[in-house]
Each structure stands twice: as C-alpha cells, then as structure tokens.
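# Understanding the architecture of this molecule
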Amino acid sequence: MVVQPNGIPLPFYDFPANLRGKAVYFVKKGKKALSKEKFRSEIVYGDLSSSPLEHLSALVDELLVPLLSNKRNHENWPAVVSQDVQRHVNSLKSSVFVVAGQVKGKTLLPLPVGADSFTDNDDEKAERYLRNSIHQIEGVIIGWSHQVHEVLRRKSSQPLFEGLNPEPMVEIDFWESRARNLECIFDQLRSLKVRKMAEILERTESSYFNSFKILFQDVVNALKEAREINMYLKPLKSTIEALEESEFDQLEPRLAPVLHTLCLVWAHSTHYRMPSRIIVVLQEICNLLIRIAIEYLGPEEIFKAESDEALVKIRYVIKVLEKFKEDFEEKRNNLQTYFKETEFVPWEFASSLVFPR
C-alpha cells in the first residue's frame, strides 16, 4: 500500500515497480482466509523504503553481518561451517556495498573484514589486525584492481561502437561523471585505513605493494585527465543546450559558436587533443542536427503536405546541413589561429569520419 501525494492510500496486489515514496506491505503466511481473532499472527507486515537497495544495505550491515559474525551464535557449529558462513556473509556485505555505489554512479572499494571497526586513533590495534590479515588485504587489492580497471576501460565512444546515435550531451556527461567517480576512488585510496594497509604491504615486502602503487598512479593519471577534459568541455555545454532548445529554423546562426568552442577545446586541452575524441563529439553533434531535422520535417507529415511546401522544407534542411559542413571545413583550415602558446596540431582526419551518416 502506497500513500499518494494527496494523502490517499493506494493498494496494490503486487510490489510496485517504481516506488517513489514509503510503502507498507501485508503478506499472508498461508492460503487460508484470515481470521478476525488471529490475523496479526497470520500475516507478515512491514514498511518499504523508496530506495530498496539502501534498505537492503542497512539490513545487511546492521542485522545480518552482526548476527552471523557473532561467534556466540554458532558455538555448536563445526569450525568449517562457521568459517564458511562468515566468508559468505562478508562477501554479501561487500557485494551490496559495491552495487549500492554503482547505482549512485560511484565505484566504492570494500575494505577488509573488520578494518572499518578501528578508530583513527587506535593505531596499535589497527596495525596488529592488518599484520594478521595480510592475505586478506592482498585479496582486497586484487578486487580493487578489477574494479578500477573496469572504470578506466570505459570509453565515451562506446555508444557509437554499439550502433547507437548518441548526442553531444552524452560526451559531456560522460566526462563529468568520470571525473566525479575517479575523485571518489582517489579519496578512498588516500584514506587513513588504506594508507595503513599500504604500509603493511610495504613492511611485509608483499608483491602486491607494487600492484597497489601502480593502481594508485593509474587513478591519479586518469583523474588528472578527466578533470582537465571536464573543465574544458563545460563551455561547450551551454552551446549544445542552445542547439537542443532551438527549432530547426533557428539553428543556422548557432552552428558556428559550437565549432568555435570545439576549436578552443582542441587548442587548449592537451588530453582532448586526440582525433579519436574530437571525432566522437563531432559525430554526436551531427546526430543532434539529424534528430532536429527529422523533427522539423516530420516524416509522417511530409508526404501529406503539398509538394511545393514539402520541397521548400527539404531544401532548407539541406541548406543548413551543408552550411554546417562548410563551417567545419572553414574551422579546419583556420585552426592554426587558435594556437597562441602551444604547437599547432591540425585536424588531419578525413571528413568522412565526421559525417558517416
């Protein structure tokens, strides 16, 4: 049962797919009809959060892990069973932690079991625990490497390779999200607990210490790249938004500012000054123009209109798109004027790569 904004409860027979607010549920324990006298014992009831994953995370952290990790609750269990249960519950905790971060667009790095229980001032206890858990720390480093390398492998061009027709805001959002996510990973790797882990790996001469250093340096380099690209793409965002909000007959004067901004990005951003990256955003701009042109022409209406009127609209669309190609070639030929303090790097790629559609 969900309470609507007007305060009226709305019942469902099934769990709602898109829960926007808090809800309560009532589930029968059996198939028999409920009795007035014992209905409380014949149903299971409770409340549902609008964020079920956060609800599950809290359930695992605050109930399942303390309950199943407490050795007094399995004193009579064989040692192998006890250890296996603890291993599975800790694995579940880490998995839920990671997935909860992914939903928020963050890569969260799970710490070794028990590492988050020390206080920052309890250095002796922390170090004693970490020394006794060197193999567990090494396993965590392996897991982190997979997580981080998965982030680093992602490319903004992936939607194009998948045959989709992404628009330029996809590129801008990708680098903004990437910078934010790498910032989150960087902060985690600089935390006190992780630094203590690295110190133990170094002192014990673990072979994984070098892997950790490489991992950290990869994150630092990727973060530096993402920060710079995100900073230079921000001015492009306003020009793209202006295009998106325009009717097709308003596009022509707004095309040159977009290409001008791209030339400035190419001249000043050392990390974005790569043909593979500038081609991606140019293709996405073309996709945006094609979409606006299709909406302007109205394929379903174009054949119903008078032939003269339809021909005028088609010719106008061709004129505007040809103007964009002319502006592109003009910017390519005059690109050197944008380089004031750095060495000139021309656009040497073929125009057909920019206009594949």
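Just above sits the structure.
A brief structural summary. From a predicted model like this one, the values you see are computed outputs, not experimental measurements.

A separate point is helix α13 (residues 307-333). Over its 27 residues, α13 runs 39 Å from end to end, which matches the ideal 39 Å to within 8%, given 1.5 Å per residue. All of the buried residues along α13 are Ala310, Val317, Val320, Phe324, Asp327, Phe328, Lys331 and Arg332. At its buried positions, α13 is contacted by α10 (252-268), α11 (275-297), α12 (299-302) and α14 (351-354).

Bringing the layout of surface pockets into the picture now. Counted as a void, the largest pocket has a volume near 1000 Å³. In terms of residue class, the lining of the largest pocket is built from 13 nonpolar, 16 polar and 5 charged.

Before going further, it helps to examine a nonpolar patch on the surface. A cluster of nonpolar side chains, Met1, Val24, Phe26 and Tyr45, forms an exposed patch at the surface whose accessible area comes to about 400 Å². Tracing the backbone shows valine 24 in strand β3 (residues 23-28).

Take unusual backbone geometry next. One non-glycine residue with positive phi stands out, namely glutamate 205, at about 55°. Checked against the element boundaries, glutamate 205 lands in the loop between α8 (192-203) and α9 (208-244).

Locating tryptophan 266 in the fold gives a position in helix α10. Counting along the chain gives 12 residues from tryptophan 266 to isoleucine 278, while the straight-line C-alpha distance between them is 7.7 Å. Excluding its chain neighbours within four sequence positions, the residues that come into contact with tryptophan 266 are Tyr272, Arg273, Met274, Pro275, Ile278, Leu335, Phe339, Val345, Pro346 and Trp347.

In the contact formed by α10 and α11, the axes pass within 12 Å of each other and the chain directions differ by 165°. In terms of orientation, α10 lies roughly antiparallel with respect to α11. When the axes of α10 and α11 are compared, the crossing they make is right-handed. Across from Leu255, Val258, Leu259, Leu262 and Trp266 in α10, the residues of α11 making contact are Pro275, Ile278, Val281, Leu282, Ile285 and Leu289. Its residues assigned to classes, the contact of α10 with α11 comprises 11 nonpolar, no polar and no charged.

Cut-offs and rules
- Residues numbered from 1 in each chain as written.
- Predicted model: local features only at pLDDT ≥ 70, side-chain atom pairs only at ≥ 80, totals over all residues.
- Heavy atoms only, no water.
- Helix = DSSP H or I, 4+ residues; strand = E, 2+ residues; numbered from the N terminus.
- Expected span 1.5 Å × (residues − 1).
- Buried < 20%, exposed > 50% of the residue type's maximum accessible area, 1.4 Å probe, protein only.
- Contact = heavy atoms within 4.5 Å.
- 1 Å grid on protein atoms, 1.4 Å probe; cavity = no way out; pocket = protein on both sides within 12 Å on 5 of 7 lines; lining within 4 Å.
- Points joined across faces, edges and corners; volume = space filled by probe spheres on them.
- Nonpolar A, V, L, I, M, F, W, Y, C, P; charged D, E, K, R; others polar.
- Patch = residues over 30% accessible without salt bridge, like charges linked within 9 Å, V, L, I, M, F, W, Y side chains within 5 Å.
- Areas by Shrake-Rupley, 256 points an atom, 1.4 Å probe, with all protein chains shown as cover.
- Salt bridge = Lys/Arg side-chain N within 4 Å of Asp/Glu carboxyl O.
- Axes fitted to C-alpha atoms, helices over the stretch in contact; angles between N-to-C directions.
- Parallel < 35°, antiparallel > 145°, perpendicular 65-115°, else oblique.
- Left-handed = near helix turned anticlockwise from the far one by under 90°.

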